[in-house]
Amino acid sequence: MEQGRYIGAAAEGLPWQGQPVLDVMKKTDRTENKVRAEKHYRRSFDPALREEIKASLTAMTCALNTVAVLLADDTNPSSATTLFKLRYITLHHVLSSLGKLDDQYGAELRTPDRALLKDILDAPMSNLILQAHRGFRNTLVHYRPTRDVQERLSLDAPLYGLLDAYFPADEARSLGDTLVLHTAHVADRMSAWCDN
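Heads up: these notes are all about the structure in this document. (Residues numbered from 1 in each chain as written. Predicted model: local features only at pLDDT ≥ 70, side-chain atom pairs only at ≥ 80, totals over all residues. Heavy atoms only, no water.)

Approximately 450 Å³ is the volume found for the largest pocket. Along the wall of the largest pocket there are 22 residues; nearest its centre are Ala80, Thr81, Phe84, Gly176 and Asp177. Counting only elements with at least two residues in the lining of the largest pocket, the list comes to helix H6 (80-105), helix H11 (162-166) and helix H12 (169-195). In terms of residues, the lining of the largest pocket owes the most to one element, H12, which gives seven residues. Of the residues assigned to the lining of the largest pocket, the class counts are 12 nonpolar, five polar and five charged. (1 Å grid on protein atoms, 1.4 Å probe; cavity = no way out; pocket = protein on both sides within 12 Å on 5 of 7 lines; lining within 4 Å. Points joined across faces, edges and corners; volume = space filled by probe spheres on them. Helix = DSSP H or I, 4+ residues; strand = E, 2+ residues; numbered from the N terminus. Nonpolar A, V, L, I, M, F, W, Y, C, P; charged D, E, K, R; others polar.)

Here is the structure:
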């Protein structure tokens, strides 16, 4: 709920210079949308992938770009915790899904597509996120931290001390900045893969 409220508040004041979408839609836009989607998916990502997978990859790219681009300019200190959570959770889910895609379809992909996927998955930051450090991702999403972690938390610490509880000190200090860079990197690689 915290993240939903944040996105609603962040998007509320965005200036819009164009017309509302319903004012510019034609009847054919509503009746032929499947054809347009088929054209897009046929040209995107690797031809060996089914349309449903390409749709999921497109949704992942949109999520990454939302976090990397749309929310990048928010420097309000009160947003820092929510932005960190959005970046980490988005990356975790995208990377986890890409790992499953690689396991199932990686051998069938064209060489350039496989290279882009490996570039994303083999990055040290991707490995750090995918390890999820004994439940860090679960704690951010919906689970209560384990008792040993609860004992180390503090309302005065950044992210309440969760970083120090789950990560080595050097990683904990730089994780927020590294997440910003890695979100942008993965979004860039996904966009490159889509257009490849």
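Next comes the rest of the account.
Before going further, it helps to examine the state of the cysteines. Put plainly, a disulfide is one covalent bond tying together the sulfur atoms of two cysteines. For the structure shown, the criterion picks out zero disulfides. As a non-bridged cysteine, Cys62 has Cys194 as the owner of its nearest cysteine sulfur, 8.9 Å distant. Since its relative accessible area comes to 14%, Cys194 is described here as buried. (Disulfide = S-S within 2.5 Å. Buried < 20%, exposed > 50% of the residue type's maximum accessible area, 1.4 Å probe, protein only.)

Scanning all chains against the criterion turns up six salt bridges. In this structure, the salt-bridge partner of Glu52 is Arg50, at a minimum N-O distance of 3.6 Å. Residue classification places Glu52 among the exposed positions, given a relative accessible area of 53%. Looking at Arg50, the relative accessible area reads 47%, which means it is partly exposed. Here Lys118 and Asp102 are joined by a salt bridge, their closest N and O atoms 2.9 Å apart. Taken together, the residues Lys118 in helix H7 (residues 111-121) and Asp102 in helix H6 connect sequence positions 16 residues apart. Its relative accessible area of 33% is what places Lys118 among the partly exposed residues. Salt bridges here are not isolated pairs; linked through shared partners, they connect Asp46, Arg110 and Asp113. (Salt bridge = Lys/Arg side-chain N within 4 Å of Asp/Glu carboxyl O.)

Where helix H5 (residues 51-70) contacts H12, the axes come no closer than 9 Å and their chain directions differ by 145°. At the point where H5 passes H12, the crossing takes the left-handed sense. For the pair H5 and H12, the contacting residues are Leu57, Met60, Thr61, Leu64, Asn65, Val67 and Ala68 in the first and Thr183, Ala184, Val186, Ala187, Met190, Ser191 and Trp193 in the second. Residues belonging to the contact of H5 with H12 are distributed by class as follows: 10 nonpolar, four polar and no charged. (Axes fitted to C-alpha atoms, helices over the stretch in contact; angles between N-to-C directions. Left-handed = near helix turned anticlockwise from the far one by under 90°. Contact = heavy atoms within 4.5 Å.)

Moving on: unusual backbone geometry. Even without glycine at this site, Phe45 takes up a positive phi of about 55°. Located in the positive-phi region is Tyr160, a residue other than glycine, with phi close to 60°. In this fold, Tyr160 is placed in the loop between helix H10 (147-150) and H11.

Now for the packing of helix H8 (residues 124-131) against H12. As a packed pair, H8 and H12 sit with axes 11 Å apart at the nearest point and diverge in direction by 115°. Judged on the interaxial angle alone, H12 and H8 are roughly perpendicular. Crossing geometry of H8 relative to H12 is assigned as left-handed. Where H8 approaches H12, its residues Met125, Ser126, Leu128 and Ile129 are matched on the opposing element by Glu171, Leu175, Thr178, Leu179 and His182. A per-class count over the contact of H8 with H12 returns five nonpolar, three polar and one charged. (Parallel < 35°, antiparallel > 145°, perpendicular 65-115°, else oblique.)

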